[in-house]
Amino acid sequence: MSVLRPFRATDLFRFNNINLDPWTETYSISFYLSYLSRWPDMCYVQEAPNGRLMGYVLGKAEGGGQEFHGHVTAITVSPQYRRLGLARGMMRLIEQISDEVYHAFFVDLFVRCQNKIAKNMYQGLGYSVWRRIIGYYGTGMGGGKDDEDAFDMRKPLSRDAARRSVRANGELVHVSAHNVT
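No experiment lies behind these values; they were computed from the predicted model shown. (Residues numbered from 1 in each chain as written. Predicted model: local features only at pLDDT ≥ 70, side-chain atom pairs only at ≥ 80, totals over all residues. Heavy atoms only, no water.)

Student: How should I be thinking about the overall build of the chain in this particular structure?
Tutor: Regarding its fold elements, the chain presents 4 helices and 8 strands. Reading the chain from its N terminus to its C terminus gives the helix and strand order β-α-α-β-β-β-α-β-α-β-β-β. Scaling as 2.2 N^0.38, a compact globule of 181 residues should have a C-alpha radius of gyration of about 16 Å, and the chain matches this with 16 Å. The principal-axis extent of the C-alpha atoms belonging to the chain is close to 45 × 40 × 30 Å. Classification of the 181 residues of the chain by burial places 49% in the buried group. For the chain, the proportion of contacts with a sequence separation of at least 24, taken over those separated by at least 6, is 64%. Summed over its atoms, the accessible surface of the chain is roughly 9,500 Å², and 53% of this surface lies on carbon and sulfur atoms. (Helix = DSSP H or I, 4+ residues; strand = E, 2+ residues; numbered from the N terminus. Rg over C-alpha atoms; globule rule 2.2 N^0.38 Å. Buried < 20%, exposed > 50% of the residue type's maximum accessible area, 1.4 Å probe, protein only. Contact = heavy atoms within 4.5 Å. Areas by Shrake-Rupley, 256 points an atom, 1.4 Å probe, with all protein chains shown as cover.)

Student: I keep staring at the nonpolar core and nothing clicks. Help me out?
Tutor: Taken as a class, soluble globular proteins show a tendency for nonpolar side chains to be buried jointly. Membership of the largest hydrophobic core comes to 48 residues, with the highest contact counts inside it found for Phe7, Tyr56 and Tyr122. At 7 residues, helix 3 (residues 86-100) tops the list of elements feeding residues into this core. Residues lining this core come from more than one domain, with at least three contributed by each of domain 1 (1-104) and domain 2 (107-181). When near neighbours in sequence (up to four residues on either side) are disregarded, tyrosine 122 contacts Ile75, Met91, Leu109, Val111, Tyr127 and Met153. (Core = buried A, V, L, I, M, F, W, Y, C linked by side-chain atoms within 4.5 Å. Domains from an automatic or database assignment.)

Student: Is there a simple way to think about the pattern of salt bridges in this case?
Tutor: Pairing between side chains becomes possible if they bear opposite charge and their charged atoms approach one another. Overall, the coordinates contain 12 salt bridges when judged by the stated rule. The partner of arginine 154 in a salt bridge is glutamate 67, with the nearest N and O atoms 3.7 Å apart. Residue arginine 154 is located in strand 7 (residues 148-156), and its partner glutamate 67 is located in the loop between strand 3 (53-62) and strand 4 (69-77); the two are separated by 87 residues in the primary sequence. Here glutamate 148 and arginine 112 are joined by a salt bridge, their closest N and O atoms 3.4 Å apart. Residue glutamate 148 is located in strand 7, and its partner arginine 112 is located in strand 5 (residues 106-112); the two are separated by 36 residues in the primary sequence. The buried category is assigned to glutamate 148, whose relative accessible area is 10%. Here arginine 112 falls in the buried class, since its relative accessible area comes to 5%. Three or more residues are tied together by salt bridges with common partners; here these are Arg5, Asp11, Arg14 and Glu47. (Salt bridge = Lys/Arg side-chain N within 4 Å of Asp/Glu carboxyl O.)

Listed below in structure tokens is the structure:
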């Protein structure tokens, strides 16, 4: 039986099997450490009985007013551990913390438009597309995999009783990556 536990700084030296996946964004060590120091309650790893890391999630709380929300910065599961429900469990945890600890209005995340498996999983968890961010992944120079659009997907939490974080036809709302903070 695997265990979902808080992410520790020493896990940074043990997660290459996860980060080598082409869908996974890899960040600098200082980026991961900044999340661990600012939002330790939003950073978790899934660990196998043999000690091997199976996946992780990094989240944060941000925004103000009715835009105060939990944000899933990174969630990934190593290819050999996919289709076991691990990502769903990590997402539920981030949603619960965002709702019960931070009292956020919604949880959001960005996903590559071409990552249909992930998009479908998020929709199955109750997320919907808020907008399409043009050129979010990459330099904006064109011509490569790293010059892709992202969907900003959101799921309302209990504080958003009016469901303001849900928009019909969000895939048709396009914004430039330069206008997204």
